[in-house]
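# Fold and geometry: a report
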Amino acid sequence: MSAAARLNLVPVEDYLAGELISPVKHEYLGGVVYAMAGARNVHNTIASNTLVAVGSRLHGRPCRPFNSDTKIRIDLPGHIRFYYPDASVSRRPNPPTDSFQDEPAVLFEVLSRRTRRIDEGEKKDAYLTIPSLGVCVHIEQETAAVVAFRRTNDGFVREVYQGLDAVLPLGEIGIDLPLAEVYETVEFAPEPEDE
C-alpha cells in the first residue's frame, strides 16, 4: 500500500457536512483537513471593520459581502481546496443553501505573525487562480497598510496603500475603501509573541 493511500483523504462531501456541525473551522487541501487557529481581538476588529465598511457601500447593489464563516472553493488541477478568508465579496453568489462561494470578486486576509507565511504564500497563490477574482487584499495589523494584488491584462500586480488617509480603490465592485474605516478603533502595537 502506498503512503498516499494510507493518508485516508477526506472526501469533499464529508468535509462540507462536517464543517456544518464542527465547533472548529477547518481548511481543506486536496482531502487533508487542517484546523484553524483562533485570532486576537485586533485581527477580529480589523476584519469586522472591513466587512462593515464594504457591506455598507454595497447596500442595494448586486454584489454580496461575506464574513469569515464563508469558505471559498478553489478547483485546482488535481484537487480542490477550501479556505476561509477574513472577508469576501461575490458578484454572483452561490445559492443560499451552499456553505461556500465559488466566484469571489474580492478577497480580504488580515495578516498576523502566525498566519502570514500561509496567507502570503499558498493561500494567495491559490486565490490568484480563481477566474472571477479581481483583487486579493492583505491587511496589516501593526500599521495602517494594505497590499492589493490586482488582476490586469498582464497578470496580477502588487499595489501598496499606506496611512489612515489612504483609500483602496475597489473598482471591481464599484466602491472605494478608506483605510481609516478599516482601522477604526485599532490601537497599533507590535503583535505579542505566541506563548
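Here, the structure is the one placed above.
As a starting point, this report considers the structure included with it. As the structure is a prediction and not an experimental result, all values here were calculated from the model.

The rules behind the values
Residues numbered from 1 in each chain as written. Predicted model: local features only at pLDDT ≥ 70, side-chain atom pairs only at ≥ 80, totals over all residues. Heavy atoms only, no water. Helix = DSSP H or I, 4+ residues; strand = E, 2+ residues; numbered from the N terminus. Core = buried A, V, L, I, M, F, W, Y, C linked by side-chain atoms within 4.5 Å. Buried < 20%, exposed > 50% of the residue type's maximum accessible area, 1.4 Å probe, protein only. Contact = heavy atoms within 4.5 Å. Disulfide = S-S within 2.5 Å. Phe/Tyr/Trp six-rings, centres within 6.5 Å; stacked < 30°, edge-to-face > 60°. Lys NZ or Arg CZ within 6 Å of the ring centre and 35° of its normal. Pairing = 2+ DSSP bridges. Axes fitted to C-alpha atoms, helices over the stretch in contact; angles between N-to-C directions.

Turning our eyes to something else, we now look at unusual backbone geometry. Even without being glycine, threonine 185 reaches a positive phi, approximately 70°. Examined against the element boundaries, threonine 185 turns out to sit in the segment after helix H5 (179-182).

One finds Phe108, Val137, Leu170 and Ile173 to be the most contacted residues of the largest nonpolar core, which totals 29 residues. For this core, the secondary structure elements donating two or more residues are helix H3 (41-58), strand S6 (87-90), strand S8 (104-110), strand S9 (135-139), strand S10 (145-152), strand S12 (167-170), strand S13 (175-178) and H5. Element by element, the count of residues in this core is highest for H3, at five residues. Residues contacting valine 137, with those up to four places away along its chain left out, are Val106, Leu107, Phe108, Glu109, Val146, Val147, Ala148, Leu168 and Leu170. Within the second largest apolar cluster, 14 residues are counted, among which are Ile74, Leu76, Tyr83 and Cys136.

Quick look at the state of the cysteines now. Throughout the structure, instances matching the rule amount to zero disulfides. This cysteine, cysteine 63, is not joined by any disulfide, and cysteine 136 carries the nearest cysteine sulfur, 17 Å off. Its relative accessible area of 0% is what places cysteine 136 among the buried residues.

To continue, consider the packing of aromatic side chains. Considering all chains together, one arrives at six aromatic pairs under this definition. Residues tyrosine 83 and tyrosine 127 carry aromatic rings whose centres are separated by 5.8 Å and whose planes lie at 80° to one another, so their mutual orientation is edge-to-face. Of this pair, tyrosine 83 sits in strand S5 (residues 79-83) while tyrosine 127 sits in helix H4 (residues 116-127), and the two are 44 residues apart along the sequence. Per residue, the accessibility class of tyrosine 83 equals that of tyrosine 127, and both read buried. Aromatic rings pair up to connect Tyr15, Tyr28, Phe82 and Phe100 into one cluster. The cationic tip of lysine 25 hangs over the ring face of tyrosine 84; the distance from NZ or CZ to the ring centre is 4.9 Å. We note lysine 124 situated over the ring of phenylalanine 149; from NZ or CZ to the ring centre the distance is 4.8 Å.

So, on to the pairing of strand S2 (residues 32-35). Where strand S1 (residues 26-29) meets S2, four bridges bridge the pair, whose relative direction is antiparallel. Among the inter-strand pairings, histidine 26 is bridged to a residue of S2, identified as alanine 35. The loop that links S1 with its antiparallel partner S2 comprises two residues; one of these, glycine 30, has a positive phi angle of about 55°.

Okay, the sheet that holds S9 next. Judged by pairing direction, the sheet is mixed, and its six strands sit side by side in the order S3-S6-S8-S9-S10-S11 without closing on themselves. A strand with exactly one partner marks an edge of an open sheet, and here the two such strands are strand S3 (64-66) and strand S11 (155-162). Within the sheet, the average angular offset between the axes of one strand and its neighbour, ignoring direction, is 15°. In terms of strand pairing, S8 meets S9 through five bridges, oriented parallel. Paired with leucine 107 across the two strands is cysteine 136, which belongs to S9. Where H3 meets the sheet, its contacts fall on S3, S6, S8 and S9, and the angle it forms with S8 comes to roughly 155°. Along the sheet, H4 contacts S8, S9 and S10; its crossing angle with S8, the most-contacted strand, is approximately 175°.

Our focus in this paragraph is the environment of leucine 20. Looking at the element boundaries, leucine 20 is found in helix H2 (residues 12-21). Leucine 20 gets classed as exposed once you look at its relative accessible area, which sits at 64%. In this structure the C-alpha to C-alpha distance between leucine 20 and arginine 116, which are 96 residues apart in sequence, comes to 27 Å.

None of the figures reported here should be taken as evidence of function without further support.
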